[in-house]
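# Architecture at a glance
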2 protein chains.
Amino acid sequence: MTFSLTILGSNSAIPTLDRNPSAHLLNVNERFFLIDCAEGTQLQMRKYHLKFTKINHIFISHLHGDHYFGLVGLLTSMHLLGRTDEMHVYGFPELEQIINIQLEAARMSLIYPLIFHPLKDDEMHLIHTGRNLEVFSFPLKHSIPTCGFLFKASQPNRQPPKHYTYAYCSDTIYLEEVIPVIKEVDLLYYETTFASDRAEMASQKFHATSLDAANIAKQANVKKLLIGHFSARYDDATPLLEEAGTIFPETIAASDGMTVTCDGRGGVSSEMVKW
Amino acid sequence: MTFSLTILGSNSAIPTLDRNPSAHLLNVNERFFLIDCAEGTQLQMRKYHLKFTKINHIFISHLHGDHYFGLVGLLTSMHLLGRTDEMHVYGFPELEQIINIQLEAARMSLIYPLIFHPLKDDEMHLIHTGRNLEVFSFPLKHSIPTCGFLFKASQPNRQPPKHYTYAYCSDTIYLEEVIPVIKEVDLLYYETTFASDRAEMASQKFHATSLDAANIAKQANVKKLLIGHFSARYDDATPLLEEAGTIFPETIAASDGMTVTCDGRGGVSSEMVKW
């Protein structure tokens, strides 16, 4: 089966021409899960030839705009394109109001069922169960309530069975509390807004540095660390990647259009999507 | 003085890789006025080397997402970039709530003053007066309350004085009531979502066709008609342009990155922005 993650946005708050803000698309055997949905996400999907129609679940980590300002546009486009399938949106409770107030202002009643699932950041929760798949939310620590997401898929009718795990941690400070949750995942995405020379700024803004991400990855003994959510001040993520690599060599830097694939046996590889 | 309009989005509801949805940037002697602000507008400005910082007035015609889903992202980016100047936003009253609910969810208090001016679609209103500039709103007819905008600038200390006028009509059906308002403007933007073979669909969706736009332009005796807000079904606007041209030859088709300049003596020229 396929278990692959496509990066639709690797930048932090302000979009640049090379890096959109946060959005990840996870393909679990042709079921598609969108994690965060910054402004421009629908256009990124178009650019990378990814179809909206296959997404049935959208997870929004927190309510800073660089993680969800593309959501209502995407939901609206799905409506205009004639979607009929249920759409499940997971987010903090205010998000439901934010969606509804905009649909009401447009006098728009979606032609497909939109099911909203409120998140809580008190502890870990199982928020979705599908065929051979479980999705959990867990608390992160940022300037506003924020959840990370853990995807656990398996292919049990194998000899031996295959297992696939992806954890998304953005936005957050250095947070050792997540280590038991993300222990030994195949792929860990941990936000890396700054290099360690800006550790004080990172701390003030409740963000993590490349060393923070690498330290968490090392302690959690993950297979591969993916860093992203880079500050627009970095034209190039190489210094952040190199810094993380000094602590955790199995680190890759996210870039828009990159796809990272897990093979179910602990192997993780990455390639750029052609467009 | 400069009086030029840059097209940041020429498509209707669904963005494509070539055409973003609606946003126009009007430069009146280095004062910048943004008219509508679809998702992705801030990135379009970056692409075309237009600075956010010079915009002090944003006009939102109506509350369909393809005309404002980029607004809160733009306001947020201005905050993150350290803006201190007042920002004036003109829109229907629900827009103020839509902005505020999203700022509140982010626990964000803008570091610059945001002044909201509610629009009314009952009749024509003078909504902004600047040095040698007046901006009016006027009612259009669409599926939800919608205003057009008329910009009138002059350079009085000339022999003879120069006058510059731009009218923005989007979204709307064919509406003869606007003719007295836009009479003899230099540049008329009139939405042209469809060609005339889809007149029935246009009517159902409260949009106009290329023949509608051309007929309005002819009756109003404008200098130049600019058509845009094209349905994503048209890869190329040429058929719409040709159709409008049969009634009103002085028609140009909007494309993202195009700049249209008025010379103050009734002359209007267009060119593509380099990027």
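No experiment lies behind these values; they were computed from the predicted model shown. (Residues numbered from 1 in each chain as written. Chains lettered and ligands numbered in written order. Predicted model: local features only at pLDDT ≥ 70, side-chain atom pairs only at ≥ 80, totals over all residues.)

## A word on the pairing of strand β4 (residues 55-59) of chain B
Residues and elements named next belong to chain B. Within β4, four of the five residues are buried, leaving the element largely enclosed by the surrounding structure. Bridge analysis of strand β3 (residues 31-35) against β4 gives four bridges, and the strand direction is parallel. Following the sheet pairing, F32 is matched in β4 by I55. In this fold, the crossover linking β3 to β4 by way of helix α1 (residues 41-47) has right-handed handedness. Here β4 runs beside strand β5 (residues 87-91); their pairing, made up of three bridges, is parallel. (Buried ≥ 20, exposed ≤ 12 C-beta atoms within 10 Å, placed from the backbone. Helix = DSSP H or I, 4+ residues; strand = E, 2+ residues; numbered from the N terminus. Pairing = 2+ DSSP bridges. Right-handed = clockwise from strand over helix to strand, strands pointing away.)

## Structural notes on the packing of helix α6 (residues 210-220) of chain A against helix α7 (residues 238-247) of chain A
For any two helices packed against each other, one specifies the crossing angle of their axes together with the interaxial distance. Residue and element names in this part refer to chain A. Contact geometry of α6 with α7 gives a least axis separation of 8 Å together with a crossing angle of 35°. Relative to α7, the crossing made by α6 is right-handed. Contacts between α6 and α7 pair S210, L211, A213, A214, N215 and K218 from the former with L240, E243, A244 and I247 from the latter. When grouped by side-chain class, the residues that make up the contact of α6 with α7 number six nonpolar, two polar and two charged. (Axes fitted to C-alpha atoms, helices over the stretch in contact; angles between N-to-C directions. Left-handed = near helix turned anticlockwise from the far one by under 90°. Contact = placed C-beta atoms within 7 Å. Nonpolar A, V, L, I, M, F, W, Y, C, P; charged D, E, K, R; others polar.)

## Considering the environment of A:A214
Residues and elements named next belong to chain A. Mapped onto the secondary structure, A214 falls in helix α6. C-beta crowding within 10 Å serves as the criterion here: with 27 such atoms nearby, A214 is assigned to the buried category. Between the C-alpha atom of A214 and that of L241, which follows or precedes it by 27 residues, the distance is 9.6 Å. With near-sequence residues (within four places) excluded, A214 lies in contact with L225, A244, I247, F248 and T251.

## A short note on the sheet that holds strand β10 (residues 162-169) of chain B
All names here are of chain B. The seven strands lie next to each other as β7-β8-β9-β10-β11-β12-β13, forming an open sheet whose pairing is mixed. Of all strands in the sheet, those bounded by a partner on one side alone are β7 (125-130) and β13 (251-253). Across this sheet, the average inter-strand angle for adjacent strands is 20°, counted without regard to direction. The pairing of strand β9 (residues 147-155) with β10 spans seven bridges and is antiparallel. Its bridge partner being in β10, K152 is matched across the sheet by T165. Sitting on the sheet, helix α7 (residues 238-247) is in contact with β12 (224-228) and β13, with an inclination near 170° to β13.

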